[in-house]
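Summary of structural features
The residues making up each chain are set out below.
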Amino acid sequence: MIYISKRNTIVPTGIVIHHTAVSMTPDGRAVDMSVLASDHRRKGYRAYYWGKVYYVGYHYVIFPDGSVKQGRPETSIGAHAVGHNSDLGICLVGNFSSVSNPHGERGLTEPTEAQLRSLDELSRTLLERYRLPLESVRRHRDVNPDTECPGDRFLFEGFRSQLEARRH
């Protein structure tokens, strides 16, 4: 008999936007889903959901070329923002902080146009699918004052204004 856990099931209540804070591994490889899964596994972000184990704490990851990869199912509890893991976590690969990545030594200093297009499309889809208000789209730092994620170079207000304009 296979045990199926419903315990980690959520109904999404919002969207929290993150950055990976790095784009490259210490050995110079680009961050990919296997790198994120290894890092999140080490940090204990494991979720057992409907017979499968997920390690990536975000629901979606958006890469510099705009490709979107799913980290875990939308109805699985996240592991990306303490107290807000019923929100969908979307992470952009890069470090958009002028403090921790002033000259780009830790990867992309701002989101690419392709990432922003994918973020806009994905966010609009999720807002509609779950009938969420625009105000439910927040940055990680909006729900955790101890982080600056997704960095000051992610122009959140402009993104949210654009998102609102395209919803109507």
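Everything below is about the structure printed above this text.
Read on for an overview of the structure.

Conventions and cut-offs
- Residues numbered from 1 in each chain as written.
- Predicted model: local features only at pLDDT ≥ 70, side-chain atom pairs only at ≥ 80, totals over all residues.
- Heavy atoms only, no water.
- Salt bridge = Lys/Arg side-chain N within 4 Å of Asp/Glu carboxyl O.
- Helix = DSSP H or I, 4+ residues; strand = E, 2+ residues; numbered from the N terminus.
- Buried < 20%, exposed > 50% of the residue type's maximum accessible area, 1.4 Å probe, protein only.
- Pairing = 2+ DSSP bridges.
- Axes fitted to C-alpha atoms, helices over the stretch in contact; angles between N-to-C directions.
- Contact = heavy atoms within 4.5 Å.

So, about the pattern of salt bridges. Inspection of every chain in the model, using the stated rule, returns 6 salt bridges. A salt bridge links Arg-124 to Asp-120, with the shortest nitrogen-to-oxygen separation between them at 2.9 Å. Remark: Asp-120 and Arg-124 occur in helix α2 (residues 113–129); sequence separation between them is 4 residues, near one turn of the helix. What makes Asp-120 buried here is its relative accessible area of 2%. When salt bridges that share partners are traced, they join Asp-39, Arg-42 and Lys-43 into one network.

Attention shifts here to the sheet that holds strand β5 (residues 68–70). Spatial strand order, β5-β4-β6-β1-β7: 5 strands in an open sheet with mixed pairing. The open sheet is flanked by β5 and β7 (137–139), the only strands paired with a single partner. Pairwise comparison of adjacent strand axes, ignoring direction, gives a mean angle of 25° for this sheet. Alignment of strand β4 (residues 60–62) against β5, held across 3 bridges, turns out to be antiparallel. The residue bridging Val-61 from the neighbouring strand is Lys-69, located in β5. Where α2 meets the sheet, its contacts fall on β1 (15–19), β4, β5, β6 (88–92) and β7, and the angle it forms with β6 comes to roughly 175°.

All quantities given are derived from atomic positions and should not be read as evidence of function.
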